[in-house]
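# What the coordinates show
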Amino acid sequence: MRKYIIAIALKFQGIPYIWGGASPSGFDCSGFVIWILQVFGLLPAGDWTAQGLSRSFDSTSSPLPGDLVFYGTDKDHIYHVMMYLGDNTTGQLVIGASGGDHTTTDVREARKKNAMVKIKPIDYRSDRQLIVNIEAPVLHA
């Protein structure tokens, strides 16, 4: 299943970053991973913000392609999520919607900011907090 998740994620390279976007016409960071998880029946019930998703799966120190990488000031203040692609000759890579912010509300603004779904090194930000296993949902009582 993971190879199919990555294949779908890669098809969205270049789709514009749109604040609050959750469809192939435009994604924000959590909208991108939500859409993919939903297609594969892996989206848990509950809070679908980056913070909420970070609490919905068990963390892992051995990520596999498709796992989610979260960024924030600490584990209780997560504000960005990307999908782990794996290791290649240049290092660990992630894919996700990035480069925009709350003012990026249309395609024109996204293009101005170069805000889109793209591949980046896992440590393109210095605030990486945790990685979670998409096949290990946390069961809430």
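This report concerns the structure included in the present document. (Residues numbered from 1 in each chain as written. Predicted model: local features only at pLDDT ≥ 70, side-chain atom pairs only at ≥ 80, totals over all residues. Heavy atoms only, no water.)

## Side note on the nonpolar core
- Grouped together as the largest cluster of nonpolar side chains are 33 residues, with contacts concentrated most on Phe32, Leu68, Phe70, Met83 and Val117.
- Elements with a contribution of two residues or more to this core: helix H1 (2-11), helix H2 (29-39), helix H3 (50-54), strand E4 (68-74), strand E5 (77-88), strand E6 (91-98) and strand E8 (128-137).
- Per-element tally for this core: the top contributor is H2, with six residues.
- Discounting chain neighbours no more than four positions away, the residues touching Val117 are Phe12, Gln13, Gly14, Ile15, Phe27, Phe32, Ile95, Gly96 and Ala97.
- Core analysis: the next-biggest nonpolar cluster, separate from the first, contains seven residues, Tyr71, Tyr84, Ile122 and Ile131 among them. (Core = buried A, V, L, I, M, F, W, Y, C linked by side-chain atoms within 4.5 Å. Buried < 20%, exposed > 50% of the residue type's maximum accessible area, 1.4 Å probe, protein only. Helix = DSSP H or I, 4+ residues; strand = E, 2+ residues; numbered from the N terminus. Contact = heavy atoms within 4.5 Å.)

## A few points about the environment of Asp106
- Counting through the fold element by element, Asp106 comes out in the loop between E6 and helix H4 (107-113).
- Judged by relative accessible area, which is 37%, Asp106 ranks as partly exposed.
- Along the primary structure Asp106 and Tyr17 are separated by 89 residues, whereas in three dimensions their C-alpha atoms are 8.3 Å apart.
- At a separation of 2.7 Å, a polar atom in the side chain of Asp106 contacts the main-chain amide nitrogen of Glu109. (Polar contact = N/O pair within 3.5 Å; in protein donor to acceptor, adjacent residues only side chain to side chain.)

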